[in-house]
Amino acid sequence: MEVGSLPVELWRLILAYLPLPDLGRCCLVCRAWRELILSLDSTRWRQLCLGCPECRHPNWPRRPHLPPVSWREALRQHALASRTWTQNGSDLHSSACLHLFRRRKDRRIWHVGTVAGGGYETLRGALAAAGPYDKVVLHAGVYEEQVEVSLKVPVEIVGMGKLGDVSLLVSFDQQCPTARLCNLVFMPAWFSPVVYKTSSGHVQLDNCNFEGCQLHIRGPGTCQARFCSFAQGSSAHFLGVAISLMDSCEFSGGDSASVTVEGAPVSERNWAFKHLVALAKTFTMMTSNGSAEIANQGGKDSVGAVSHVNAPSEGVNTIKDWSKQEVDWETNWAKLKGGDSLPGQDGTMIEEDGMETSSESSEEDDELDGEKSTGLKLSYDQHGLAHLSKADMPDSSAFPALLSLSAELQRDAEARELSASVQGCLLRRCLLRDGKGGVHLCNHGQARLEANVFKGLNYAVRCIQNAKMVMLRNEVCGCKASGVFLRLSAQGLIADNNIHSNGEAGLDIRKGANPIILCNRIHSGLRSGIVVLGNGRGSIRSNQIYGNKEAGVYILFNGNPVVSGNYIFQGLAAGVAVNENGRGLITDNVIRQNQWGGADIRRGGDPVLRNNFICYGYSDGVVVGERGRGVIEGNHIYGNRGCGVWVMSSSLPQLIGNHITHNRMYGLAVFCRKDTESSVSREGYRSLQDRERGVGVGERDRGGPENFNEEGELMAWESDIDSEDERFSTRRPITVALVENNCISHNGAVGVYVKSSEPLNVVANMVNNNRGAGMSIIQSAQLTRLVGNCVLCNGWTGVAVDRESRVELRGNGVYGNGCHGVCFRGDGLIVENDVVGNNSVGIRVMDNADVKVLRNRVQALRGYGISVKERVRGVVQENLVYQGHPTSTKTPIRTNTQNTECVVLNNSLLRPRSQALWALENPPPRPHNSNPSSVTPATLPAHLAITMTNRITASVESGCHNNGSIFCSIL
């Protein structure tokens, strides 16, 4: 019969009455008939799938409201999986065909219960009579056995009617190669909570309920459980299993772990091993291929569909929104830059310098007003740091790409091998909810967790004692403690998961655990996103970490992970916090729009922070607090509402090769100030006592400290901390903080602001186009060395040194600044600098300064080349002053005739013969060091002692930070 003889709709109506065997026969007629049969997916195939008593909805228990990609395919997969138990290769002899024929011929069905025409009254009696592969059918009722029942021959036990009509209070001990149990409710017998155990054979469980009981599988035994429910504290225990499958099962209400996997897989294999491995690999392929299609059908959870383009939770901006926000930010920044002052910055150092300038003598003011221009400008464009002069603010297109999981696996052989491994216990498409624990792996156990949902538990996954797991495309949410917990040398792959809304950290890594964490979404946590502590390690790459209440990545107590290529954004505290002797390599991340510091380092934290984009934060870009250390190298730090880099002087960071630009306040600020308790007690800041105890905002709100141990007991972290010698044995000791080869430009206040009691080396930096002074040294009890820097075109004084500060200026180029080139009130040296093209006095020394001004080249566009005022002590010698104005007749060096303590010797005034010869030559314009590595930490002075300060917080002068640093709120 031709299909075209009737309308397709009518054919579909007719075919909807065919049973499954007839539908299969119709598919074999021709291609047109096959396509017609396949078009019945949402009608007849759906009806057949839901009517099967051996399975439930294909998306049960995670998403029973969503249809599968294909009802026919779901029914086919069920049919294949339900026959695994009969594929016992050990019973096959010469002819597979004869064997199957014999099995079909000899197989019998035994009835138990009230049956018309006879049947067995007890399950034990039916099992005693059953032969190999016979079927035992239990009719409605409750069956109880007083002693353990042993299964001697392969058998199938099936309950009649709906699930729940047949209940068993029986404890089975399987001693046969294979068995199947279907449509049964298991409850514990009076003598044992274990209702089923096997140590060598294979058991298949389909559509069964376990209530308050346990399932025990010991290797080389295997288990395949599908559409089973483990309720009222039921659990599954796997000891040394080579492979077992738990597919589409539900676990709820347990007072311990729902699934426990213990012991390394045994080397011995039973007959079902190869069949289960093949089936597991088929499941893995189906999950990865079908996950995106399921997500497109409107599922609100992201299990199996965790993509980096999925929208984060409500109220949190997506990565796609950044570019739009960036335009608004830049527009606002342009308006602020064009105005007279920035919000919250009234009375900053910009105005302070202005007030001091107004105290100049009326004679100098008159000369400055009269000289509005000059025709004798020296060229200084060819200085050694010219390559850093143009530092535009990057846009989102400059960010490193967030790699997909396939790209990460392609470049990481270890992760690729783990993702393809199928060994141990495989949990797929399960729901684990409302209990104490989800999955517990210990003592070299192995498991693969794929496309599961963990919700409402104390913890979702706990992996300890050298256990190994592969965790792909799961959702972990609503846990009271940490979502995923690894310790004691645990390892594995955690990839493409959605981990959110947990009470503690999303991932907790400690005590030698070393997982690979790829392409996850870790967000909306009530604490940190990822915590690495207690010698924990790990490779954390290409994740989205956002919207967490505390630090996105928190490293402490000798944690030492690699954090690379992640997007860490919109957190309510710091982006990355390294505290309490934490280490780590933090590289190529985008750390953006966090409420506190983009990166926060303090209390012995010693990371390597390299090549990151730290931008658009609501506070400072990088905070290096009390006793912070680390190498901060090659980062782009821009667009932050606080300082670009905020450093406490008791810390010892190395800032090398960073671009610190377009920040609202200072580019780099170094502070040392003891604040009173009242100065930090305002809303949003932790009290001083809380800081010393390490109490975070979240802890204070809940009235207790962080519970780092999910079992409830507090840990003695001192046992996890190595000695100081061990911690720093791999890195050269640093005794002086170093700021080298950075570009610090276009910031809203001073470029480099120093108020410190510790030594500091500022070497070979480009400091240009900042709105305030280029460098302002307000306090420097020990020597601050400014060597080989270029201070260019800043809005106020190039270099300002305040009273009682010890500063050495050597080999710098100070060019084209809006006020004086150098304004010096402290003690120290000004040696071999080029101070040219500034809008007022070239070098201005005043108050009670004790300074040597030697071998500098100076030109001032307005005012004197060198001005020595008041009671300055020291020497002004062998300086070369270039004429600043063609008609100027004043002396190049202005001194106080009544001051006998300042010696002025052998200084020269140079007037050009022609404009062509008017240039800085022999040597060329300073600074000369074009090599970024020209000064290394090994060449720095190491004889100055470092005074550790206690109970220190820092504040910016004149209200820039109001009462204190914008403090990072972390655990």
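What counts and what doesn't
Residues numbered from 1 in each chain as written. Predicted model: local features only at pLDDT ≥ 70, side-chain atom pairs only at ≥ 80, totals over all residues. Heavy atoms only, no water. Helix = DSSP H or I, 4+ residues; strand = E, 2+ residues; numbered from the N terminus. Buried < 20%, exposed > 50% of the residue type's maximum accessible area, 1.4 Å probe, protein only. Contact = heavy atoms within 4.5 Å. Areas by Shrake-Rupley, 256 points an atom, 1.4 Å probe, with all protein chains shown as cover. Pairing = 2+ DSSP bridges. Phe/Tyr/Trp six-rings, centres within 6.5 Å; stacked < 30°, edge-to-face > 60°. Lys NZ or Arg CZ within 6 Å of the ring centre and 35° of its normal. Core = buried A, V, L, I, M, F, W, Y, C linked by side-chain atoms within 4.5 Å. Axes fitted to C-alpha atoms, helices over the stretch in contact; angles between N-to-C directions. Parallel < 35°, antiparallel > 145°, perpendicular 65-115°, else oblique. Salt bridge = Lys/Arg side-chain N within 4 Å of Asp/Glu carboxyl O. Polar contact = N/O pair within 3.5 Å; in protein donor to acceptor, adjacent residues only side chain to side chain. Patch = residues over 30% accessible without salt bridge, like charges linked within 9 Å, V, L, I, M, F, W, Y side chains within 5 Å. Lys, Arg positive; Asp, Glu negative; His and termini not counted. Charge placed at Lys NZ, Arg CZ, Asp CG, Glu CD. Arc of directions from axis to C-beta. pLDDT = per-residue confidence, 0-100. Disulfide = S-S within 2.5 Å.

Visitor: Honestly, the overall build of the chain in this entry has me stumped. Any pointers?
Guide: Helix and strand counts for the chain stand at 16 helices and 74 strands. Each of the 971 residues in the chain was classed as buried or not, and the buried ones make up 60%. A separation threshold of at least 6 residues defines the contact pool for the chain, and within that pool the share at least 24 residues apart is 56%. On the chain, roughly 37,300 Å² of surface is accessible, and the fraction owed to carbon and sulfur atoms is 51%.

Visitor: Help me understand the pairing of strand E50 (residues 652-656), please; the structure alone is not making it clear to me.
Guide: Within a regular strand, the side chains alternate between the two sheet faces. Among the five residues in E50, five count as buried, and that is most of the element. Neither face of E50 is exposed, since Leu652, Gln654 and Ile656 on one face and Pro653 and Leu655 on the opposite face are all buried. Pairing analysis gives five bridges linking strand E47 (residues 629-633) to E50, with the strands arranged parallel. Residue Gly630 lies in a different strand from E50, and its bridge partner there is Pro653. Pairing of E50 with strand E53 (residues 737-740), which is carried by three bridges, proceeds in the parallel orientation.

Visitor: Where do I start with the packing of aromatic side chains in this structure?
Guide: By convention here, two paired aromatic rings are described through the distance between centres and the angle between planes. Counting across every chain of the model gives 14 aromatic pairs. Ring geometry for Trp190 versus Phe191: centroids 5.5 Å apart, planes at 80°, classification edge-to-face. Members of the aromatic cluster, each reached through a chain of ring pairs, are Phe172, Phe186, Tyr196, Phe210, Phe230 and Phe251. The aromatic ring of Phe273 is capped on one face by Arg269, whose charged end is 4.5 Å from the ring centroid.

Visitor: Whenever I open this one, the nonpolar core confuses me. Can you help?
Guide: Burial of nonpolar side chains together is a common tendency in soluble globular proteins. Counting residues in hydrophobic clusters, the biggest one holds 131 residues, and the most contacted among them are Val136, Phe172 and Met246. Once residues within four sequence positions are removed from consideration, Val136 is found in contact with Trp110, Val112, Leu123, Ala126, Leu127, Ala130, Val155, Glu156, Ile157 and Val158.

Visitor: Just checking my understanding: could you explain the packing of helix H1 (residues 8-15) against helix H3 (residues 31-38) for this structure?
Guide: The description of two packed helices rests on the angle between their axes and on the distance between the axes. Packing of H1 against H3 brings their axes to within 10 Å, and their N-to-C directions diverge by 70°. One element, H1, and the other, H3, form an angle in the roughly perpendicular class. Contacts between H1 and H3 involve Val8, Trp11, Arg12 and Leu15 on the former and, on the latter, Trp33, Leu36 and Ile37.

Visitor: Looking at this structure, I do not really get the pattern of salt bridges. What am I missing?
Guide: Working definition: two side chains of opposite charge can pair if their charged atoms are close together. As enumerated under the stated definition, the model contains 28 salt bridges in all. For the salt bridge of Asp412 with Arg541, the shortest nitrogen-to-oxygen distance reads 2.8 Å. Of the two residues, Asp412 is situated in the loop between helix H12 (405-411) and helix H13 (413-420) and Arg541 in strand E35 (residues 539-541); the sequence distance between them amounts to 129 residues. Judged by relative accessible area, which is 13%, Asp412 ranks as buried. For Arg541, a relative accessible area of 10% corresponds to the buried category. Here Glu450 and Arg448 are joined by a salt bridge, their closest N and O atoms 3.0 Å apart.

Visitor: Explain the environment of Val203 here, please?
Guide: Tracing the sequence through the fold places Val203 in strand E11 (residues 202-206). Look at Val203 and you get buried, because its relative accessible area is 0%. Placed 20 residues apart in sequence, Val203 and Cys223 show a C-alpha to C-alpha distance of 4.9 Å. Contacts of Val203, omitting those with residues within four sequence positions, involve Gln174, Ala179, Leu181, Tyr196, Thr198, Ile217, Thr222, Cys223 and Gln224.

Visitor: Honestly, the side chain of Asn770 in this entry has me stumped. Any pointers?
Guide: Position of Asn770 relative to the elements: it lies in the loop between strand E57 (766-768) and strand E58 (775-787). A residue is classified by how much of its surface remains accessible, and Asn770, at 2% relative accessible area, is buried. In terms of polar contacts, Asn770 uses its side chain to reach the backbone amide nitrogen of His746, at 3.5 Å. Those residues within four positions of Asn770 in sequence are excluded, and the remaining contacts are Ile744, Ser745, His746, Asn747, Ala749, Gly751, Cys793, Asn794 and Gly795.

Visitor: Whenever I open this one, a negative patch on the surface confuses me. Can you help?
Guide: Among the surface-exposed residues, Glu804, Asp827, Asp850 and Glu901 lie close enough to one another that they form a single negatively charged patch. By secondary structure assignment, the location of Glu804 is in the loop between strand E60 (799-801) and strand E61 (805-810).

Visitor: Is there a simple way to think about H3 in this case?
Guide: Think of an α-helix as turning once every 3.6 residues; residues three or four places apart then point the same way. Listed as buried for H3 are Trp33, Leu36 and Ile37. On an axial view of H3, the arc spanned by its buried residues comes to 100°, and they lie on one face. Residues of H3 that are exposed and point over 90 degrees away from its buried face: Arg31 and Glu35. Of the surrounding elements, those touching the buried residues of H3 are H1, helix H2 (20-27) and helix H4 (41-51).

Visitor: I tried to follow the pairing of strand E26 (residues 468-472) on my own but got confused; where do I start?
Guide: The buried fraction of E26 is high, at four of five residues. Relative to E26, strand E23 (residues 446-450) runs parallel, the two being bridged by five bridges. Note that in E26 the partner of Ala447 across the bridge is Met469. Both E26 and strand E29 (residues 491-495) contribute to a ladder of five bridges, which runs parallel. Of the residues in E29, the one forming a bridge with Leu472 is Ala495.

Visitor: So what exactly am I meant to see when it comes to the side chain of Asp600 here?
Guide: Tracing the chain through its elements places Asp600 in strand E43 (residues 599-601). At a separation of 2.7 Å, a polar atom in the side chain of Asp600 contacts the side chain of Arg602.

Visitor: How do you make sense of unusual backbone geometry when you look at a structure like this?
Guide: Trans peptide bonds make up the majority, and among non-glycine residues the majority have a negative phi. Of note, the amide linkage connecting Asn922 to Pro923 takes the cis form, showing an omega dihedral of 5°. Its place among the elements puts Pro923 in the segment after strand E74 (908-910). In the segment running from Arg926 into Pro927, the intervening peptide bond is cis, with an omega of 0°.

Visitor: I tried to follow a nonpolar patch on the surface on my own but got confused; where do I start?
Guide: On the surface, Leu10, Leu13, Ile14 and Tyr17 cluster together into a nonpolar patch covering about 430 Å² of accessible area. Structurally, Tyr17 is set in the loop between H1 and H2.

Visitor: Explain the environment of Gly644 to me, please; I cannot follow it from the model alone.
Guide: With respect to the element layout, Gly644 can be found in the loop between strand E48 (636-638) and strand E49 (645-648). Through-space distance from the C-alpha of Gly644 to that of Ala669 is 8.1 Å; in sequence the pair is 25 residues apart. In contact with Gly644, not counting residues within four places along its chain, are Asp620, Gly621, Val622, Ile637, Ile660, Asn663, Tyr666 and Gly667.

Visitor: Got a minute to help me understand the confidence of the model for the chain in this structure?
Guide: Any segment with low pLDDT has predicted coordinates that should not be analysed in fine detail. When pLDDT is averaged along the chain, the result is 79; 75% of the residues meet or exceed 70. For the stretch residues 89-105, pLDDT sits under 50, and the model shows six contacts to residues farther than four places along the chain or on other chains. Counting contacts from residues 290-324, a segment whose pLDDT is below 50, to residues more than four positions away or on other chains yields 72 contacts.

Visitor: Would you mind showing me how to read the environment of Leu668 here?
Guide: Note that Leu668 resides in strand E52 (residues 668-671). On a C-alpha basis, the gap between Leu668 and Ala749 in space is 9.9 Å, while along the polypeptide they are 81 residues apart.

Visitor: Teacher, can you tell me more about the state of the cysteines here?
Guide: Here, disulfide denotes a covalent bond that connects the sulfur atoms of two cysteines. For the structure on display, the rule yields zero disulfides. No disulfide involves Cys208; its nearest neighbouring cysteine sulfur is the one of Cys228, lying 4.8 Å away.

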